[in-house]
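Structure assessment
As a plain string of letters, each chain reads:
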Amino acid sequence: MRAADEIVYALEPRLGVDAYATLLKRSGLGRCRPLDEPERLARMLAAADIVMTARSPGGTLLGVVRALTDFAYCCYVCDLAIDPDAQRRGIEQVLIRKVHEAAGPGTMLIHMS
């Protein structure tokens, strides 16, 4: 596994439901998400204001943050999922920083998951 600074971070508003569900399951967050309802997962992704991903240079999904924000005052981090094989590499901190940048400098982050 490469260092966190070699990971590709991006806003990915069209993240696929299958990739999202697989990462939720692998991370353990799937225990409290509707993995057996792909249409609901699709609505969750579509309604998110920010979907930020972390991918390996080869494109493997390593982490995702799904957030709701007004881009002015608050940003609710609804999901923060990191693949277990990629944990403890700083990916979570970079994702959170990038979500905060995308939401705006005056926003406060509120972690919901």
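Just above sits the structure.
Residues numbered from 1 in each chain as written. Predicted model: local features only at pLDDT ≥ 70, side-chain atom pairs only at ≥ 80, totals over all residues. Heavy atoms only, no water.

Attention now goes to the packing of helix α1 (residues 17–27) against helix α2 (residues 38–47). Contact geometry of α1 with α2 gives a least axis separation of 10 Å together with a crossing angle of 100°. The pairing of α1 with α2 is recorded here as roughly perpendicular in orientation. Note on element contacts: α2 touches α1 through Pro38, Leu41, Ala42, Met44 and Leu45, opposite Val17, Tyr20, Ala21 and Leu24. Tallied by class, the residues present in the contact of α1 with α2 amount to nine nonpolar, no polar and no charged. (Axes fitted to C-alpha atoms, helices over the stretch in contact; angles between N-to-C directions. Helix = DSSP H or I, 4+ residues; strand = E, 2+ residues; numbered from the N terminus. Parallel < 35°, antiparallel > 145°, perpendicular 65-115°, else oblique. Contact = heavy atoms within 4.5 Å. Nonpolar A, V, L, I, M, F, W, Y, C, P; charged D, E, K, R; others polar.)

Further remarks concern the nonpolar core. Formed by 18 residues in total, the largest nonpolar core has its most connected members in Tyr9, Ile50, Ile91, Leu95 and Val99. Sorting the residues of this core by element identifies β2 (50–55), β3 (61–69), β4 (74–82) and α3 (91–103) as the ones contributing at least two each. Ranked by residues supplied to this core, first place goes to α3 with five residues. If we ignore the near neighbours within four places in the chain, the residues touching valine 99 are Ile50, Met52, Val65, Ala67, Cys75 and Leu109. Counting 14 residues, the second largest nonpolar core, distinct from the first, contains Ala21, Leu41, Ala48 and Ala81. (Core = buried A, V, L, I, M, F, W, Y, C linked by side-chain atoms within 4.5 Å. Buried < 20%, exposed > 50% of the residue type's maximum accessible area, 1.4 Å probe, protein only.)

Quick look at unusual backbone geometry now. The phi torsion at phenylalanine 71 lies on the positive side, around 60°, for a residue other than glycine. Structurally, the position occupied by phenylalanine 71 is in the loop between β3 and β4. Take phenylalanine 71: its relative accessible area is 46%, and that puts it in the partly exposed class. Positive phi values are uncommon outside glycine, yet arginine 88 reaches one of about 65°. According to the relative accessible area criterion, arginine 88 is exposed, its value standing at 78%.

So, about α2. The periodicity of an α-helix, 3.6 residues per turn, causes residues three or four places apart in sequence to face the same way. Turning to α2, its buried residues are Leu41, Met44 and Leu45. Within α2, the buried residues cover an arc of 95° as seen down the axis, which keeps them to one side. Facing away from the buried surface of α2 by more than 90 degrees, the exposed residues are Glu39, Arg43, Ala46 and Ala47. (Arc of directions from axis to C-beta.)

Spatial relationships are all this shows, so hold off on functional conclusions.
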